[in-house]
Amino acid sequence: MILDSFSLQGKVAIVTGCNTGLGQAIAVGLAGAGCDVIGVNRSCPSETKQSVEQLGRQFVDVRADLSKLDDIPTIIERAVSELGRIDVLVNNAGIIRRNDAIEFSEQDWDEVMNTNSKSVFFLSQAVAKQMITQGDGGKIINIASMLSFQGGIRVPSYTASKSAIMGLTRAMANEWASHNINVNAIAPGYMATNNTDALRADEKRNQEILERIPAGRWGKPEDIAGPCVFLASAASNYVNGYTVAVDGGWLSR
Ligand code: NAP
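The chain appears in an unreviewed UniProt entry as 2-dehydro-3-deoxy-D-gluconate 5-dehydrogenase from Vibrio ezurae NBRC 102218. Per UniProt, the chain carries the Sequence similarities (unreviewed entry) text "Belongs to the short-chain dehydrogenases/reductases (SDR) family." The annotation that UniProt attaches to the chain under Catalytic activity (unreviewed entry) is "2-dehydro-3-deoxy-D-gluconate + NAD(+) = 3-deoxy-D-glycero-2,5-hexodiulosonate + NADH + H(+)".

What follows is the structure, encoded as structure tokens:
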């Protein structure tokens, strides 16, 4: 049955930044497909934990700050000691800082690059080592952005970090495909989450954005879950290094 290849029954997924927004929908989507979830967050992910457990799956709550690398060994140790293995990593945690490029500070540059790019690379590296030790492959899914493809306005470090994600996705895919590790990315369009509160509150920008989206609406976190399950499953075993846009048609305009 073709649908069996989409099943994640018995798999273990790490999802970063899953207390809210896209990460929450991803964690619940993966659990719905059969995954137990290691949720990596700074804040309490109680709502996500409850939703995952209601689906009959386990949720391990790991608190970590991904603006630095120090917590990465603990994430791997907790995953392996509590759930035995790691099959899927979703690098979702991310931040944004808005200011004119001419005024942009080094702090706003470093904080965004460290969280959105540097930690993504080194967490992926640590997870890939574990997957290689396990010997039966795995799936790494990075959350990119429209600003992996476009320049954006007033978000230079975010654009740099998400452009890096698309390149890193290809680079990691090339080196790890021979270990049956698929590395791919999802580029969400304009999604209604905390990350876009400021944009949606700006009436002019909100209207401009809505008018440009062929689907005529902001994306919902649940819109990301299906593509993520696909990329986490055996159904995508021959998809490597690709960034899938989930954007209501934004990039097709
Ligand atoms: P969100 O609602 O602001 O959620 C961001 C998540 O990242 C939160 O769970 C947050 O946890 C976590 N996080 C941030 N800094 C962290 C750190 N240092 N350590 C650990 N966790 C950290 O944003 P979202 O819209 O769901 O965004 C999720 C991902 O999608 C991000 O990578 C974002 O760039 C990307 N994205 C979003 C959109 C959009 O339109 N919303 C579009 C394209 C891409 P805390 O609450 O604990 O800080």
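Alright, that's what it looks like, and here's the rest.
A. View of helix α5 (residues 156-176). Given a rise of 1.5 Å per residue, 21 residues ought to cover 30 Å, and the 30 Å separating the end C-alpha atoms of α5 matches this to within 8%. Among the residues of α5, S157, Y158, T159, S161, K162, I165, M166, T169, M172, A173 and W176 are the ones counted as buried.

B. View of the packing of aromatic side chains. Following the criterion strictly, the structure yields four aromatic pairs and no others. When the ring centre of W218 is taken as reference, the NZ or CZ atom of R200 above it lies at 5.6 Å. Between R212 and the ring centre of W250, over which it is positioned, the NZ or CZ distance is 4.0 Å.

C. Representation of helix α3 (residues 72-83). A rise of 1.5 Å per residue sets the reference length of α3, with its 12 residues, at 16 Å; its end C-alpha atoms lie 17 Å apart and thus fit the reference within 8%. All of the buried residues in α3 are I72, I75, I76, A79 and L83. The buried residues of α3 all sit within an arc of 95° when viewed along its axis, so they share a single face. Facing away from the buried side of α3 by over 90 degrees, the exposed positions are E77 and S81. At its buried positions, α3 is contacted by β1 (12-16), β2 (36-41), β3 (59-63) and α4 (106-134). G84 lies just past α3 and shows a positive phi near 90°.

D. Looking closely at the packing of helix α1 (residues 21-32) against helix α8 (residues 222-232). Put simply, α1 and α8 touch, their axes get as near as 8 Å, and they point 50° apart. Relative to α8, the element α1 is oriented oblique. The chirality of how α1 crosses α8 is right-handed. The residues of α8 that touch α1, namely those facing L22, A25, I26, G29 and L30, are E222, I224, A225, C228, V229 and A232.

E. Seen up close, the site of the ligand. Around the ligand sit 30 residues, and of these N19, R42, S43, Y158 and T193 come closest. Contact distances for the ligand include 2.8 Å between an oxygen atom and a backbone N or O atom of L22. Within the side chain of K162, an N or O atom sits 2.9 Å from an oxygen atom of the ligand. Burial of the ligand by the protein amounts to 92% of the accessible area it has alone, namely 890 Å².

The rules behind each value
Residues numbered from 1 in each chain as written. Predicted model: local features only at pLDDT ≥ 70, side-chain atom pairs only at ≥ 80, totals over all residues. Heavy atoms only, no water. UniProt positions renumbered as here; feature names shortened; annotations may be inferred. Helix = DSSP H or I, 4+ residues; strand = E, 2+ residues; numbered from the N terminus. Expected span 1.5 Å × (residues − 1). Buried < 20%, exposed > 50% of the residue type's maximum accessible area, 1.4 Å probe, protein only. Phe/Tyr/Trp six-rings, centres within 6.5 Å; stacked < 30°, edge-to-face > 60°. Lys NZ or Arg CZ within 6 Å of the ring centre and 35° of its normal. Arc of directions from axis to C-beta. Contact = heavy atoms within 4.5 Å. Axes fitted to C-alpha atoms, helices over the stretch in contact; angles between N-to-C directions. Parallel < 35°, antiparallel > 145°, perpendicular 65-115°, else oblique. Left-handed = near helix turned anticlockwise from the far one by under 90°. Near = heavy atom within 4 Å. Polar contact = N/O pair within 3.5 Å; in protein donor to acceptor, adjacent residues only side chain to side chain. Areas by Shrake-Rupley, 256 points an atom, 1.4 Å probe, with all protein chains shown as cover.

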